[in-house]
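# Descriptive structure summary
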Amino acid sequence: QVQLVESGGGLVQAGGSLRLSCEASGSILSINTMAWYRQAPTKQRELVATITRGGRTNYADFMKGRFTISRDNAKNTVYLLMNSLKPEDTAVYYCNADLTSPQGLGVRTLDAWGQGTLVTVSS
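Values in this document were obtained by computation on a predicted structure and should not be read as measured data.

### Some remarks on the state of the cysteines
Two cysteines, two sulfur atoms, one covalent bond between them: this is a disulfide. Taken as a whole and assessed by the stated rule, the structure comprises one disulfide. For Cys22, the disulfide goes to Cys95, at an S-S distance of 2.1 Å. Across the S-S bond linking Cys22 and Cys95, the dihedral sits near -80 degrees, which makes this disulfide left-handed. A residue pair is termed long-range when its members are at least 10 positions apart, and Cys22 in strand β3 (residues 18-26) and Cys95 in strand β9 (residues 91-103) qualify at 73 residues.

### Thoughts on the pattern of salt bridges
Applying the stated criterion to the full structure yields three salt bridges. For the salt bridge of Arg38 with Glu46, the shortest nitrogen-to-oxygen distance reads 2.8 Å. Ionic pairing is found between Arg66 and Asp89, a salt bridge with its closest N-O pair at 2.7 Å. Pair noted here: Arg66 is in the loop between β6 (57-59) and β7 (67-72) and Asp89 is in the loop between β8 (77-82) and β9, with a separation of 23 residues, a long-range link. Like Asp89, Arg66 is buried. Salt bridges here are not isolated pairs; linked through shared partners, they connect Arg38, Glu46, Arg66 and Asp89.

### Comments concerning the nonpolar core
In terms of nonpolar packing, the biggest core is built from 31 residues, with Trp36, Leu80, Met82 and Tyr93 touching the most fellow members. For this core, the secondary structure elements donating two or more residues are β1 (2-7), β3, β4 (30-39), β5 (46-51), β7, β8, β9 and β11 (117-122). Residue contributions to this core peak at five residues, all from β9. Setting aside chain neighbours within four positions, we find Met82 in contact with Gly16, Ser17, Leu18, Leu20, Arg66, Phe67, Tyr93 and Val119.

### Some details on the pairing of β5
Across five bridges, β4 lies against β5 in antiparallel orientation. From the neighbouring strand, Arg38 faces β5, where its bridge partner is Glu46. Between the antiparallel neighbours β4 and β5 lie six residues, among them Thr42 with a positive phi of about 70 degrees. Between β5 and β6, which follow one another and run antiparallel, lie five residues, and Gly55 among them has a positive phi close to 100 degrees.

### Describing the packing of aromatic side chains
As enumerated under the stated definition, the model contains one aromatic pair in all. Ring centres 4.9 Å apart and planes at 55 degrees place the aromatic pair Tyr37 and Trp113 in the tilted group. Remark: Trp113 occurs in strand β10 (residues 106-113) and Tyr37 occurs in strand β4; sequence separation between them is 76 residues. For the cation-ring pair, Arg19 lies above Tyr79, with the distance from its terminal atom to the ring centre recorded as 4.1 Å. Arg45 extends its terminal NZ or CZ atom over the ring of Trp113, reaching a point 4.8 Å from the ring centre.

### Regarding the sheet that holds β8
Taken in spatial order, the four strands make up an open sheet running β1-β3-β8-β7, and their pairing is antiparallel. In the strand order of this sheet, the two ends are held by β1 and β7, each with one partner. If you compare each strand with its neighbour and ignore which way they point, the axes differ by 15 degrees on average. Here β3 runs beside β8; their pairing, made up of six bridges, is antiparallel. Pairing of Arg19 across the sheet is with Leu81, part of β8.

Parameters at a glance
Residues numbered from 1 in each chain as written. Predicted model: local features only at pLDDT ≥ 70, side-chain atom pairs only at ≥ 80, totals over all residues. Heavy atoms only, no water. Disulfide = S-S within 2.5 Å. Helix = DSSP H or I, 4+ residues; strand = E, 2+ residues; numbered from the N terminus. Salt bridge = Lys/Arg side-chain N within 4 Å of Asp/Glu carboxyl O. Buried < 20%, exposed > 50% of the residue type's maximum accessible area, 1.4 Å probe, protein only. Core = buried A, V, L, I, M, F, W, Y, C linked by side-chain atoms within 4.5 Å. Contact = heavy atoms within 4.5 Å. Pairing = 2+ DSSP bridges. Phe/Tyr/Trp six-rings, centres within 6.5 Å; stacked < 30°, edge-to-face > 60°. Lys NZ or Arg CZ within 6 Å of the ring centre and 35° of its normal. Axes fitted to C-alpha atoms, helices over the stretch in contact; angles between N-to-C directions.

So this is what it looks like as structure tokens:
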């Protein structure tokens, strides 16, 4: 079984910063791309940023340099540093991982999700 557990969400004033963390645990052979998504009330879930195992990153256009994704492969953990937060950044932030896990005598590919962590930015 594989688990992704996010932490670091909370209430922050506009202009402030937060650092989200997401640790993957369980029967994991390797983790490929890790990502952060977010879902605001009444809106669809949207991609925030991705990072490959080798550290190559990709960001949504709305980031405009405010957010930084990073990872620690030894800890199976991905981070999202969010600066200059705006009220419109208020959302539940979800961690996602594309990973391989043992299954019987073979392996399987999983698209795993965390339970989400709420970020609220007040004006």
